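Residue strings, one per chain:
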Amino acid sequence: MKLFVMTRQFMQGDFGIRLHDNATMESFFGTLKSEFYYRESFDSAAQLQAGLDQYIHYYNHKRIKTKLGGLSPVEYRARSAVA
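Quantities reported herein were computed from a predicted structural model and do not represent experimental measurements.

Visitor: Which parts of the structure should I look at to understand the overall build of the protein?
Guide: For the protein, the count of helices and strands is four helices and zero strands. When burial is assessed residue by residue, the protein has 22% of its 83 residues classed as buried. A separation of at least 24 residues holds for 35% of the contacts in the protein among residues at least 6 apart in sequence. Carbon and sulfur atoms make up 55% of the accessible area of the protein, which amounts to about 6500 Å² in all.

Listed below in structure tokens is the structure:
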């Protein structure tokens, strides 16, 4: 039951934090749910957490964005910092 409640809160964004018009985070959570959450099933909160950790690492370090010139977000930031 605890996993269900935590999952419901995650899906609804109901953690007691209210952000006003945060389109960037809403976009990220939409992507996270469509690319990760809806494609997997979790038997425990620990399994969900491990999957989230892996997905966020992928999202920042491996995912290629055409808007960033074919670089991952981390590669783009590193290149921008040098320039």
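What follows picks up the thread again.
Visitor: Please clarify how the packing of helix H2 (residues 23-35) against helix H3 (residues 45-61) should be interpreted in this entry.
Guide: When two helices pack together, their arrangement is captured by the angle between the axes and the distance separating the axes. Where H2 contacts H3, the two axes come as close as 12 Å, and the packing angle between them is 120 degrees. The crossing of H2 and H3 is right-handed. Only Leu 52, Tyr 55, Ile 56, Tyr 58 and Tyr 59 of H3 make contact with H2, whose side of the interface consists of Phe 28, Thr 31, Leu 32 and Glu 35. Considering only residue class, the contact of H2 with H3 consists of seven nonpolar, one polar and one charged.

About the cut-offs
- Residue numbers run consecutively from 1 along every chain, following the written order of its sequence.
- Two thresholds apply to this predicted model, a pLDDT of at least 70 for residue-level local features and 80 or more for giving and counting side-chain atom pairs, whereas whole-chain, interface and lining totals are computed over all residues.
- Computation of side-chain values covers all heavy atoms of the structure but excludes hydrogens and water.
- Numbering of helices and strands runs from the N terminus, with a helix taken as a DSSP run of H or I at least four residues long and a strand as a DSSP run of E at least two residues long.
- The rule is simple: take the accessible area with a 1.4 Å probe, protein chains only, and divide by the maximum for that residue type; under 20% is buried, over 50% is exposed, in between is partly exposed.
- In what follows, a contact means two residues having at least one pair of non-hydrogen atoms within 4.5 Å.
- Each accessible area is a Shrake-Rupley result for a 1.4 Å probe, and residues are judged covered by the shown protein chains and nothing else.
- The axes used here are C-alpha line fits, helices contributing only the stretch in contact, and every angle between their N-to-C directions lies in the interval 0 to 180 degrees.
- In this scheme the handedness of a crossing depends on how the near helix is turned from the far one: anticlockwise by less than a right angle means left-handed, clockwise means right-handed.
- In this classification, Asp, Glu, Lys and Arg are treated as charged, Ala, Val, Leu, Ile, Met, Phe, Trp, Tyr, Cys and Pro as nonpolar, and every other residue, Gly included, as polar.

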